[in-house]
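Coordinates in review
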Amino acid sequence: MAKLQVAIDLLSTEAALELAAKVAPYVDIIELGTPLIKQEGLKVVTAMKQAHPDKLVFADMKTADTGALEAEMAFKAGADLVTVMGTVDDATVKGAVEAAKKYGKQVVVDTIGVKDRVKRAREVTAFGVAFVELHAGLDEQALPGYSIQKLINEGKEAGVPFSIAGGVNADSIKAVLEAGAVVAVAGSAIYGASDPAKAAEALKAAFK
Ligand SMILES: O=C(CO)[C@H](O)[C@H](O)COP(=O)(O)O
């Protein structure tokens, strides 16, 4: 069954733990956003895994180089999944995958900025990544005319395990799941809601 991932793009460990405590009953994967990790360091990953040992903790490292080293750092801190950018050298992705094998963990490739997401998704899947994140980042989402539909179409075409991130919300979740996503990632639709637990619960209800 597909999984719901909450992306916590807040800026303090305290706020992240507070949000996670509210939404944990409804989510399968807890993502620590890149700005959060940059602000707080990998200790936020450790704190989250300690607070939620039953959840998969996703460190959105967005690694661009030294794939093995950065993946190992995150796995040692308690991450179950780490991201490597799809735009980078194959060797970086492969290095992270080697580290994941060593720790019994997993790598996800983030396709922000990838021109041909379908082609790259197929390439990196062959390297042994868990799934590919078809992702439009927050800057791309803010551009006029942005639509999540492009990611949904790419997912249907790719024929490899994929997640979708880039404005997943109550309106788009059904289409994301129907496209075959193994993971639906929701950030602002949850942390930006007046009642994050209710928002997460409503998203999770779409999985039935
Ligand atoms: O990784 C991210 C930005 O780089 C976000 O966490 C991801 O895009 C999900 O957030 P949202 O649902 O608000 O788009």
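- Per an unreviewed UniProt entry, the protein chain carries the name 3-hexulose-6-phosphate synthase and comes from Chitinophaga costaii.
- For the protein chain, the Sequence similarities (unreviewed entry) comment in UniProt is given as "Belongs to the HPS/KGPDC family. HPS subfamily."

**Overview of the overall build of the protein chain**
- When its secondary structure is counted, the protein chain shows 11 helices and 8 strands.
- Here the C-alpha radius of gyration of the protein chain, 16 Å, is about what a compact globule of 208 residues would show, namely 17 Å.
- Projecting the C-alpha coordinates of the protein chain onto the three principal axes gives extents of approximately 40 × 35 × 30 Å.
- Across the 208 residues in the protein chain, those meeting the buried criterion constitute 52%.
- Across the protein chain, every contact between residues at least 6 apart in sequence was considered, and the portion connecting residues at least 24 apart equals 63%.
- Counting 23 positive and 27 negative side-chain charges, the protein chain places the centres of these two groups 4 Å from one another.

**Brief notes about the site of the ligand**
- Not every one of the 14 residues close to the ligand is listed here, only the nearest: Asp9, His135, Gln141, Gly187 and Ser188.
- In the model, an oxygen atom of the ligand is placed 2.8 Å from a nitrogen or oxygen of the His135 side chain.
- Secondary structure elements with two or more residues in the shell around the ligand: β3 (56–63) and α7 (138–141).

**Here's the deal with the side chain of His52**
- With respect to the element layout, His52 can be found in the loop between α3 (43–51) and β3.
- Among the residues examined, His52 registers a relative accessible area of 10% and is labelled buried.
- The residues contacting His52, other than those within four sequence positions of it, are Ala20, Ala21, Ala24 and Ile30.

**Some details on the pattern of salt bridges**
- Overall, the coordinates contain 13 salt bridges when judged by the stated rule.
- Here Glu98 makes a salt bridge to Lys101, at a shortest N to O gap of 3.2 Å. Taken together, the residues Glu98 and Lys101, both in helix α5 (residues 90–103) and 3 residues apart, mark about one turn of the helix.
- Given a relative accessible area of 58%, Lys101 falls into the exposed group.
- Residue Glu123 is joined to Arg120 by a salt bridge in which the shortest nitrogen-to-oxygen separation is 2.8 Å. In this pair, Glu123 and Arg120 are both assigned in helix α6 (residues 117–125), 3 residues apart and thus about one turn of the helix distant.
- Using a relative accessible area of 30% as the deciding quantity, one classes Glu123 as partly exposed.
- Classification of Arg120 by relative accessible area gives buried; the value is 9%.
- Taken together, the shared-partner salt bridges in this structure form one network comprising Asp90, Lys119, Arg120 and Glu123.

About the criteria used
Residues numbered from 1 in each chain as written. Predicted model: local features only at pLDDT ≥ 70, side-chain atom pairs only at ≥ 80, totals over all residues. Heavy atoms only, no water. UniProt positions renumbered as here; feature names shortened; annotations may be inferred. Helix = DSSP H or I, 4+ residues; strand = E, 2+ residues; numbered from the N terminus. Rg over C-alpha atoms; globule rule 2.2 N^0.38 Å. Buried < 20%, exposed > 50% of the residue type's maximum accessible area, 1.4 Å probe, protein only. Contact = heavy atoms within 4.5 Å. Lys, Arg positive; Asp, Glu negative; His and termini not counted. Charge placed at Lys NZ, Arg CZ, Asp CG, Glu CD. Near = heavy atom within 4 Å. Polar contact = N/O pair within 3.5 Å; in protein donor to acceptor, adjacent residues only side chain to side chain. Salt bridge = Lys/Arg side-chain N within 4 Å of Asp/Glu carboxyl O.

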